[in-house]
Amino acid sequence: MSLSDKLPQTSDRYEMMQRFRSREAWHVMKILSEFVESAEELQGITPAVSIFGSARTARDQRYYKLTEEIARLLSDAGFSVISGGGPGIMEAANKGAFYGRSPSVALNIVLPHEQTPNPYQDLSLKFNHFFSRKVMFVKYAIAYVVMPGGFGTLDEMFEALTLVQTGKSRKIPIILCGSEFWQGLIDWIRAQLVTGGMINAEDLELVQLIDEPQAIVDTIFKYYETRGFEALPEENEQLLNL
């Protein structure tokens, strides 16, 4: 049997392609609906702070308790807290905010191995696509707090840094909490990326290492004290084109 005998006939290939294109068009509409529905839900939560970190952090670990404290302080200070809605650091962030004054917001993701939503969510949204979810983390946050985490946490952190560095998003405080965890990465970025001319030295100023919960809250307030939390007109244009 030749290779051509194994391939679908021309009419069959055409029908297969048409079915695929129909499914693809429907898939695009589903993606658009995620953006529209989440944007409508999240418009009223500002000012908000996004908190990222490992889903594998146990409840009795130090970073879980530290995240819960940070989220509670932010919530009581008037900030909605946004997390990914799952366990670990995400749960700690939602829990701290849930028992505070301001909303606890969760952007849950549907995974092949189902991520169980944590029970501390005042506003719960569900996403099927990581990229639309990441847009919402950036679009509605006036600051990022990044706790120790794995690939997903690093992805979200570098996504934010890239958007700010390239001017595709407004500049916001990006705070790394856990010096002993992050310092090695900062040293590597300085030694390899800055020294190698792959980023500018001032790009490192886009991130701050802060370990004290109250200092994190104070840093966010200080950044906005002379301009307020509302996006400036030019920043709104950036966010529209995110």
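Residues numbered from 1 in each chain as written. Predicted model: local features only at pLDDT ≥ 70, side-chain atom pairs only at ≥ 80, totals over all residues. Heavy atoms only, no water.

Q: Describe in detail the overall build of the protein, supporting the description with residues and values.
A: Within the protein, the regular secondary structure consists of nine helices and seven strands. The burial tally for the protein puts 43% of its 242 residues in the buried class. Once local pairs closer than 6 in sequence are excluded, the contacts in the protein between residues at least 24 apart make up 70%. A total accessible area of about 13,400 Å² is found for the protein, and carbon and sulfur atoms account for 55% of it. (Helix = DSSP H or I, 4+ residues; strand = E, 2+ residues; numbered from the N terminus. Buried < 20%, exposed > 50% of the residue type's maximum accessible area, 1.4 Å probe, protein only. Contact = heavy atoms within 4.5 Å. Areas by Shrake-Rupley, 256 points an atom, 1.4 Å probe, with all protein chains shown as cover.)

Q: Explain the sheet that holds strand 6 (residues 174–176) residue by residue, including any values.
A: Read from one edge to the other, the open sheet built from seven strands follows the order 4-3-2-1-5-6-7, with strand pairing classed as parallel. The sheet terminates laterally at strand 4 (123–127) and strand 7 (207–209), the two strands that pair on one side only. Neighbour to neighbour, the strand axes of the sheet diverge by 20° on average, direction disregarded. Inspection of the sheet shows strand 1 (residues 48–52) paired to strand 5 (residues 143–146) by four bridges, in the parallel sense. Bridged to V49 within strand 5 is A143. Relative to the sheet, helix 5 (residues 130–139) contacts strand 1, strand 2 (80–83), strand 3 (104–109), strand 4 and strand 5, its axis offset from that of strand 3 by approximately 160°. Sitting on the sheet, helix 8 (residues 213–224) touches strand 1, strand 5, strand 6 and strand 7, and the angle it makes with strand 6 is about 165°. (Pairing = 2+ DSSP bridges. Axes fitted to C-alpha atoms, helices over the stretch in contact; angles between N-to-C directions.)

Q: Lay out the side chain of E156 in plain terms, naming residues and giving numbers.
A: Following the sequence through the fold, E156 ends up in helix 6 (residues 151–165). Setting aside its immediate chain neighbours within four residues, E156 contacts F52, R133, K134, F137 and Y144.

Q: Describe in detail helix 3 (residues 62–76), supporting the description with residues and values.
A: Helix length check: helix 3, at 15 residues, gives a terminal C-alpha distance of 21 Å against a target of 21 Å (1.5 Å per residue), a fit within 8%. Buried residues of helix 3: Y63, Y64, L66, T67, I70, A71, L74 and S75, and no others. Down the axis of helix 3, the smallest arc covering the buried residues is 165°, so these residues share one side. Buried residues in helix 3 make contact with strand 1, strand 2, helix 4 (89–98), helix 7 (179–194) and helix 8. Where helix 3 ends, the next residue or the one after it, G78, has phi of about 105°, a positive value. (Expected span 1.5 Å × (residues − 1). Arc of directions from axis to C-beta.)

Q: A description of the packing of aromatic side chains should follow, citing residues and the corresponding values.
A: For the structure shown, the criterion picks out 11 aromatic pairs. Measuring from centroid to centroid gives 5.2 Å for Y224 and F229, while their planes differ by 45°, and the two rings are tilted. Given a relative accessible area of 4%, Y224 falls into the buried group. Members of the aromatic cluster, connected to one another through ring pairs, are F79, F221, Y223, Y224 and F229. Across the ring face of Y63, the terminal group of R62 is positioned such that the distance to the ring centre comes to 4.6 Å. (Phe/Tyr/Trp six-rings, centres within 6.5 Å; stacked < 30°, edge-to-face > 60°. Lys NZ or Arg CZ within 6 Å of the ring centre and 35° of its normal.)

Q: Describe helix 6, and please don't skip the residues or the numbers.
A: Look at helix 6: 20 Å from first C-alpha to last across 15 residues, which is about the 21 Å you get at 1.5 Å a residue. Of the positions making up helix 6, those classed as buried are T153, E156, M157, A160, L161, L163 and V164. Buried residues of helix 6, seen end-on, are gathered within an arc of 165° and therefore sit on one face of the element. On its buried face, helix 6 sits against strand 1, helix 5, strand 5, strand 6, helix 7 and strand 7. Directly beyond the C-terminal end of helix 6, a positive phi value near 80° is found at G167.

Q: So, the nonpolar core: which residues are in play, and what are the values?
A: Formed by 58 residues in total, the largest nonpolar core has its most connected members in I51, Y144 and I220. Contact partners of Y144, with chain neighbours within four places excluded, come to S50, F52, F137, V138, E156, A160, I172, P173, I174 and I175. (Core = buried A, V, L, I, M, F, W, Y, C linked by side-chain atoms within 4.5 Å.)

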